[in-house]
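Now for the letters of each chain:
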Amino acid sequence: MLFQFGFYSSLLLISFSQGVIFAVLLFIKGIQTGNKSNYWLSLFLFLCSLYIAPWMLGFAGWYDNQPYRDFMFYVPFQHLFFIGPVIYFYTQSLLNPSFSFGKKQSLHLLPGIFYILYSIVIFVYDKIILNKYYFYEDGIDKDFDQWYQIAGLFSMVFYFALSIRYYSLYKRLIVQVTSFADTILFRWAKNFLFAFLAMQMLQVIFYIIGFIYPTTITYVGGWWYYLLFSIIMYYIAIAGYANQISAKISYSLSILDNHPVMLLHSSQTFLLEDDATIDVDYEIAEEKNSPEIDEWKNKILELIKTEKLYENPELTLTDVSKKLKTNISIVSKAINSGFQMNFNNFINHYRIEAVKEMFLQGEHKKQTLLGIAFDCGFNSKATFNRAFKKNTGFSPKEFLQHNK
């Protein structure tokens, strides 16, 4: 097989091969863990590797020699209309264990499928009907047509916006239904989306540079774009493969509406026996002092204090609802409107109060601060320090020093 090794082709070959290797590793990880998000990230890395391939193979001599030249022309490598939807599906599967690919989701892939059909039509007309170049008379690969590159960029930007919206709603939901939101806020999801944004910004920057300085639009000049793109891809591959956090809360939401979110059955028993809805944007100040809100506030306070539910590091809104034998929507509304806090901050407040009580009793002289934090319901040092600083204005050590 022809491959002319050189500075430009060899560096992109490394990026291409690493992308394919990590795609395979993530696919295997998906089989082993059953986590569907690994499959989508695997597909994304494979598409990114194909995206790099034309420039790599071009420098390796494929555009200058037959039959490699025809192979490059008639086989679509840059599937720009698939990358955006795959990003969106990955974000959903990462944050929501109930996400599944169905007929509704398949509609997002239609533009990409149409482009493949378009490539097939070109091949049939040129190689079978005419047996000569017609569409490729200009000798330019159709993957690099300006209309396709610009349309592909808009597609990716659109699905990036949808993914950001989905992640934003997830963050607002998770602090209302769990007391350990910090550990499942999926900072990797945020980092991944920012990395994908960097890929898009990179393309825009090179477009602008090419527009201002047309002399820079050369094959070698484009190589630098693909090199930087591959570096970002490599970061996504390593960080995505290392991510060990899995989603636990199953839900159904519409990214076009803030209200409400449907919580679904979960094998982790986080939810009630029946599916329930919860509003991710409770701001009901006018009901703050209503008799119903006050009644549920008192019940919640009594339950939290007498049974010390905050000591459970995986306490959820469902657990409290079951104890009170009511609907999670009622409890969430009472906490949001009555205490002007989300569930996560509400429980962490009582955990901090418990920590301060243990400080007064001198427990910090008998065990570590982290040990005290764990006894009071925190499940990580970072979460404990962040919550303590937010509630008291001091770090735990500063608080002890200040109140010595």
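See the structure printed just above.
Residues numbered from 1 in each chain as written. Predicted model: local features only at pLDDT ≥ 70, side-chain atom pairs only at ≥ 80, totals over all residues. Heavy atoms only, no water.

A. Just the pattern of salt bridges, in detail. Under the definition given, this model contains seven salt bridges. For Lys 127, the salt bridge identified is with Asp 70, shortest N-O distance 2.8 Å. Taken together, the positions of Lys 127 in helix H6 (residues 110-130) and Asp 70 in helix H3 (residues 68-74) put the pair 57 residues apart, joining distant regions of the chain. You can call Lys 127 partly exposed: its relative accessible area is 28%. Residues Lys 366 and Glu 363 are paired through a salt bridge, measuring 3.9 Å at the closest nitrogen-oxygen approach. (Salt bridge = Lys/Arg side-chain N within 4 Å of Asp/Glu carboxyl O. Helix = DSSP H or I, 4+ residues; strand = E, 2+ residues; numbered from the N terminus. Buried < 20%, exposed > 50% of the residue type's maximum accessible area, 1.4 Å probe, protein only.)

B. The arrangement of the packing of aromatic side chains in detail. One pass over the full model with this rule turns up 56 aromatic pairs. The interplanar angle of 70° and the centroid separation of 5.9 Å between the aromatic rings of Phe 73 and Tyr 133 together place this pair among those described as edge-to-face. You can see Phe 73 sitting in helix H3 and its partner Tyr 133 sitting in the loop between H6 and helix H7 (146-177), a full 60 residues away along the chain. With relative accessibility at 25%, the residue Tyr 133 sits in the partly exposed group. Aromatic ring contacts, followed pair by pair, group Trp 40, Tyr 88, Phe 89, Phe 99, Phe 101, Phe 158 and Tyr 159 into a single cluster. The cationic tip of Lys 142 hangs over the ring face of Tyr 136; the distance from NZ or CZ to the ring centre is 5.4 Å. When the ring centre of Phe 339 is taken as reference, the NZ or CZ atom of Lys 297 above it lies at 5.2 Å. (Phe/Tyr/Trp six-rings, centres within 6.5 Å; stacked < 30°, edge-to-face > 60°. Lys NZ or Arg CZ within 6 Å of the ring centre and 35° of its normal.)

C. Examining empty space enclosed by the protein more closely. Summed over all chains, the structure comprises five cavities of 30 Å³ or more. In this structure, the largest cavity encloses a volume near 70 Å³. Looking at the largest cavity, the residues that line it are Tyr 51, Leu 80, Ile 83, Met 156, Phe 196, Met 199, Gln 200, Gln 203, Tyr 225 and Phe 229. Taken together, the elements giving at least two residues each to the lining of the largest cavity come down to helix H4 (80-95), helix H8 (187-212) and helix H9 (219-242). The greatest single-element share of the lining of the largest cavity, amounting to four residues, is contributed by H8. In terms of residue class, the lining of the largest cavity is made up of eight nonpolar, two polar and no charged. In this model, the second largest cavity occupies a volume close to 50 Å³. Considering the residues around the second largest cavity, the lining is formed by Phe 73, Tyr 74, Val 75, Pro 76, Tyr 115, Ser 119, Ile 122, Tyr 136, Asp 141, Lys 142 and Asp 143. When residues of the lining of the second largest cavity are traced back to their parent elements, those giving at least two are H3 and H6. The element that contributes the greatest number of residues to the lining of the second largest cavity is H6, accounting for three residues. (1 Å grid on protein atoms, 1.4 Å probe; cavity = no way out; pocket = protein on both sides within 12 Å on 5 of 7 lines; lining within 4 Å. Points joined across faces, edges and corners; volume = space filled by probe spheres on them. Nonpolar A, V, L, I, M, F, W, Y, C, P; charged D, E, K, R; others polar.)

Distances and angles like these do not, on their own, reveal function.
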